[in-house]
Amino acid sequence: MFIYEHRDTGVFHLQNAFISYIFKVMDGGALEHLYYGKRVHDCDIFHLLHEEKMRSCGAVCLEEPSIQSLEFTPNEFPVYGTGDFKTPAIGIKRSNGSLVSSFVYDHHVVYDGKKELESLPSLYATEDEAMSLEVVLKDSLLNLELTLSYTIFKDLPVVVRSSRIVNHGVEDVCLDRLLSSSLDFKESAFEMIDLVGAWGRERYVERFPLRTGIQGVQSLRGASSAEANPFMALVRKETTESQGEAYGFNLVYSGNFLAQVEVSSFALTRVSLGIHPEMFAWDLKAGSSFESPEAVCVYSDCGLNGMSHAFHALYKGHISRSVWANRERPILLNNWEGTEFDFTEEKILAMAKKASDVGAELFVLDDGWFGVRNNDRAGLGDWFVNYDKLPSGIDGLSKKIEAMGLKFGLWIEPEMVNKDSDLYRSHPDYIVGDPERFESHSRHQHVLDFSKKEVVDCVYEMLIKVFDTAAISYVKWDMNRYITEPYSKGHDGKWQGEFMHRYMLGVYELYERLTKRYPHILFESCASGGARFDAGLLKYAPQAWTSDDTDAYERTKIQYGTSLVYPVSMMSAHVSAVPNHQLNRMTPLVTRGNMAFFGAFGYELDLNLLSEEEISIVKKQIQFMKQYRSLIQLDGKFYRLLSPFETGNLGQIVVSSDQKEAVCLYVQGLNTVNGSWLRFKLDGLDADCLYKVTYHSFTKDEEVIGSFYGDYLMRIGLVIERDDLTALGGDFASMLFTLKAEVA
Ligand code: GLA
């Protein structure tokens, strides 16, 4: 890894074994982007890539003698007022209404390692793992200082970017936008991939060719959202899972975002990523500063799996400081789908007892333990135990459960309140919304105004009273509605433009305080299922509830899409009852387990309702997960093999870092009658290694299928007989295999 500074030509070249990222200071001081992609040798001609042309209608913007229009020039951080009419990365509005600004190069700094952001979750790296470049630009009229930060990782094809502005002037200005990253490509022959959906079908993969103009995804919901993840990729037409170029972009942020691609009439492609400029206006007072979230840029020339490996390695090793980040995740039983609000202490203890009997390690008490929370109309915000339901309190219950040999976990939804609650009755001003208009509710709940310190403090004080006294090892932090009327009561107009971001700062602040106070607790984030599944929260919560949709076949799509960016260890995946609560679909218990193995594994049903035969399968599943959990969650590389979106079936494999072991799964959608054999081709293996392949049915003993070379398994594939799938239940049947290198 190296950062070359060509002082005579103003070129910067960030380079490691995989990638090069090159830009230069132009005459006049603005920055021009020159190249990002597969590594190239450093040389002294990069500056000749500079393209500057005048065409009709192109404004002449920079001062004599270096007149030019930036319309055709790839721009490293575009601003209003330069003849570049495409989406800008920064917008400064003066009190006189002028939006014109001009940031020119002032100085730069290069250093080993990486700085963390002050107010937002960010990646970390040691001095041996990364190098950073900060380029400082100035708008001399207003005395504004803009710092563009770049970090290149030594062993990963990754550049992390962010931007920061400081107002050293005497004039207050309004920051209309400050994106994290803007990246121009001198070509447009790409397809775009994004992850879109809704509640119950989060992060579905969508792929389409770029067209001239604007396309992209966004959230204006106050959360990164189920509708679109803060991610996009640009790939070549021919790119597949295992080959071809892929550029991946991901924002380390949990609130409103914009991830946009704009293709100009001159085939220049601009990728813009950052906090959404809509509903954003920051009062950048003289003397104050603002920092953007970080944007992660990944390049792969080994297909989408290569891109995902870079994201996974980055997020496994460089974001969460939790002691749980690199620990095997406890196998849990969560009571939600088993009981919803309808439980007693006796019932919970009976569920926990069975969980302990089958070998689970953690019992999680979900919604309904506090206030008068007997349904979703009341109690949210009152974080004290409901003794009518739980006479021993959380304190007593958690200790009884620990005595069974299980750890204890608890559900909270700290950002929300029901109007029917003590908290609302004493603080009606705490909720978000315009008091002169109807205050809408969703699931009968309102959003607490986390942009206010006193609100965050109040929730914190209530929670620590519970956490301090009970034996709590895990917390599921839920968030079940979006912000529909962003308005903070009692604040002036300027605050309202800052509200959406300040709300997120309040959420991060509470996470920061709770994770610091309880470093031993494993936090899991959740938002109506997977509506806030992003790298921002990953810093505090190393795992997230992937979706409320627990149907095993639906999970093939949700987990497949999620895996494009996020590691398996982050995806909570539970075996639930059939018919499935969300879809009324029947799937085999074995398939439900097989899908959930590729995640933070658990159960979400009343085990006391299962037959003896089913309990015996559950016991075997738990034994299997204990044996392979470290490989699946920590050590292994995850490869997608067959896309449920393209084939209706799923194939995936996790291969150990030494390529000596692997776990792979085939899940079929609908069964085929009278079909021929399948050849299930694997990936990631050592071509020359001989592997013993074992099939795990969970109903009979494990069965050794045979021994095959890695190249056979990758080129020819494992043969799966259709009749076997029919015998396994037909629709939604699955087969799980383990591979072990034969000792020579
Ligand atoms: C959300 C979560 C569920 C469950 C319920 C409880 O929907 O996604 O897992 O915790 O809330 O109300």
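Refer to the preceding data block for the structure.
Residues numbered from 1 in each chain as written. Predicted model: local features only at pLDDT ≥ 70, side-chain atom pairs only at ≥ 80, totals over all residues. Heavy atoms only, no water.

Novice: Explain helix α11 (residues 612–635) residue by residue, including any values.
Specialist: Here α11 contains 24 residues, and its C-alpha end-to-end distance of 34 Å stays within 8% of the 34 Å for a straight helix at 1.5 Å per residue. Remark: the principal bend of α11, roughly 60 degrees, maps to Tyr 628. Buried within α11 we find Ile 615, Ile 617, Val 618, Gln 621, Ile 622, Phe 624, Met 625, Tyr 628, Arg 629, Leu 631, Ile 632 and Gln 633. (Helix = DSSP H or I, 4+ residues; strand = E, 2+ residues; numbered from the N terminus. Expected span 1.5 Å × (residues − 1). Bend = angle between axes of the 7 residues up to and from the residue. Buried < 20%, exposed > 50% of the residue type's maximum accessible area, 1.4 Å probe, protein only.)

Novice: Explain the site of the ligand to me, using residue names and the numbers behind them.
Specialist: In the vicinity of the ligand there are 13 residues, among which Asp 366, Asp 367, Lys 476, Gly 529 and Asp 548 approach most closely. One of the side-chain N or O atoms of Lys 476 is found 2.8 Å from an oxygen atom in the ligand. A distance of 2.8 Å is found between an oxygen atom of the ligand and a backbone nitrogen or oxygen belonging to Gly 529. Starting from 310 Å² of accessible surface for the ligand in isolation, the protein chains cover 96%. (Near = heavy atom within 4 Å. Polar contact = N/O pair within 3.5 Å; in protein donor to acceptor, adjacent residues only side chain to side chain. Areas by Shrake-Rupley, 256 points an atom, 1.4 Å probe, with all protein chains shown as cover.)

Novice: Requested: an account of the pattern of salt bridges, with residues and values cited.
Specialist: Here the structure, examined in full by the defined rule, presents 49 salt bridges. We note a salt bridge from Glu 171 to Arg 94, for which the minimum N-O separation is 2.9 Å. Taken together, the residues span a long stretch of sequence, with Glu 171 in the loop between β9 (158–167) and β10 (173–185) and Arg 94 in the loop between β5 (90–93) and β6 (104–112) at a distance of 77 residues. Linking Asp 376 and Arg 443 is a salt bridge whose minimum nitrogen-to-oxygen distance equals 3.8 Å. Here the residue Asp 376 occupies a position in the loop between β22 (362–365) and α4 (393–403), and Arg 443 occupies one in the loop between α5 (422–426) and β25 (445–447), the gap between them amounting to 67 residues. Ionic contacts of the salt-bridge type, sharing partners, join the residues Asp 84, Lys 86, Asp 184 and Arg 270 into one network. (Salt bridge = Lys/Arg side-chain N within 4 Å of Asp/Glu carboxyl O.)

Novice: Describe in detail the sheet that holds strand β35 (residues 690–696), supporting the description with residues and values.
Specialist: With antiparallel pairing, the 6 strands of this open sheet are ordered in space as β31-β32-β33-β38-β35-β36. Looking along the sheet, the strands with just one partner apiece sit at the ends: β31 (637–642) and β36 (703–709). Each neighbouring strand pair of the sheet contributes to a mean axis angle of 20 degrees, computed without reference to strand direction. Two elements, β35 and strand β38 (residues 734–741), share 6 bridges in a ladder whose sense is antiparallel. Residue pairing across strands places Lys 692 opposite Lys 740, the latter belonging to β38. (Pairing = 2+ DSSP bridges. Axes fitted to C-alpha atoms, helices over the stretch in contact; angles between N-to-C directions.)

Novice: Pulling in residues and values, what's your account of the sheet that holds strand β4 (residues 31–38)?
Specialist: Strand order across the open sheet formed by 4 strands is β1-β2-β3-β4, with antiparallel pairing between neighbours. Each edge of the sheet is formed by a strand with only one pairing partner; in this case those strands are β1 (2–6) and β4. Neighbour to neighbour, the strand axes of the sheet diverge by 10 degrees on average, direction disregarded. In this structure, strand β3 (residues 19–25) lies alongside β4, joined through 7 bridges in antiparallel fashion. Counterpart to Lys 24 in the pairing with β4 is Glu 32.

Novice: Any chance you could break down a negative patch on the surface for me, citing the residues and the numbers?
Specialist: On the surface, a cluster of negative charge is made up of Asp 112, Glu 127, Asp 128 and Glu 129. Asp 128 gets classed as exposed once you look at its relative accessible area, which sits at 62%. (Patch = residues over 30% accessible without salt bridge, like charges linked within 9 Å, V, L, I, M, F, W, Y side chains within 5 Å. Lys, Arg positive; Asp, Glu negative; His and termini not counted. Charge placed at Lys NZ, Arg CZ, Asp CG, Glu CD.)

Novice: Can you tell me about the packing of aromatic side chains, naming the residues and giving the values?
Specialist: The relation between two aromatic rings is expressed through the spacing of the ring centres and the mutual angle of the planes. Under the counting rule described, the total for this entry stands at 45 aromatic pairs. Between Phe 280 and Trp 282, the aromatic rings sit 6.2 Å apart at their centres with planes inclined by 20 degrees, giving stacked as the arrangement. Residue Phe 280 shares its accessibility class with Trp 282, and that shared class is buried. Their ring planes at 45 degrees and their centres at 5.7 Å tell us that Tyr 695 and Phe 737 sit as a pair that is tilted. In this pair, Tyr 695 sits in strand β35 while Phe 737 sits in strand β38, placing the two residues 42 residues apart along the sequence. Per residue, the accessibility class of Tyr 695 equals that of Phe 737, and both read buried. (Phe/Tyr/Trp six-rings, centres within 6.5 Å; stacked < 30°, edge-to-face > 60°.)

Novice: Talk me through helix α9 (residues 552–562); I want residue IDs and the actual numbers.
Specialist: For α9, a buried count of 11 out of 11 residues is recorded, marking the element as mostly surrounded by other parts of the structure. Put simply, Asp 551 is the residue that caps the front of α9, since its side-chain oxygen is 3.0 Å from the backbone nitrogen of Tyr 553.

Novice: Lay out the side chain of Gln 633 in plain terms, naming residues and giving numbers.
Specialist: As for its placement among the helices and strands, Gln 633 is situated in helix α11. Look at Gln 633 and you get buried, because its relative accessible area is 2%. A polar contact is formed between the side chain of Gln 633 and the backbone nitrogen of Arg 329, at a distance of 2.9 Å. Engagement of the side chain of Gln 633 in a polar contact is seen with the backbone oxygen of Gly 599, the distance being 3.0 Å. If we ignore the near neighbours within four places in the chain, the residues touching Gln 633 are Lys 316, Glu 328, Arg 329, Ser 569, Gly 599, Ala 600, Phe 601 and Met 625. (Contact = heavy atoms within 4.5 Å.)

Novice: Outline the nonpolar core, listing residues and values.
Specialist: Judged by nonpolar contacts, the single largest core of 166 residues is most densely connected at Leu 365, Trp 369 and Ile 394. Looking at this core, the element that brings in the most residues is helix α6 (residues 453–469), giving 10 residues. Beyond its immediate chain neighbours, meaning those up to four positions away, Leu 365 contacts Asn 335, Phe 343, Ile 348, Leu 390, Ile 394, Leu 397, Phe 408, Gly 409, Leu 410 and Trp 411. (Core = buried A, V, L, I, M, F, W, Y, C linked by side-chain atoms within 4.5 Å.)

Novice: Tell me what's going on with the packing of α6 against helix α7 (residues 493–517), and back it up with residues and numbers.
Specialist: What describes two packed helices is the angle between their axes and the distance between those same axes. Two numbers describe how α6 lies on α7: the axes approach to 11 Å, and their chain directions differ by 25 degrees. As judged from the angle between their axes, α6 and α7 are roughly parallel. In the packing of α6 onto α7, the handedness of the crossing is right-handed. In this structure, α6 uses Val 456, Asp 457, Val 459, Tyr 460, Leu 463, Ile 464, Phe 467 and Asp 468 to contact α7, whose residues at the interface are Gly 506, Glu 509, Leu 510, Arg 513, Leu 514 and Arg 517. Looking at the contact of α6 with α7, its residues break down into 8 nonpolar, 1 polar and 5 charged. (Parallel < 35°, antiparallel > 145°, perpendicular 65-115°, else oblique. Left-handed = near helix turned anticlockwise from the far one by under 90°. Nonpolar A, V, L, I, M, F, W, Y, C, P; charged D, E, K, R; others polar.)

All we've got here are geometric facts, nothing functional implied.
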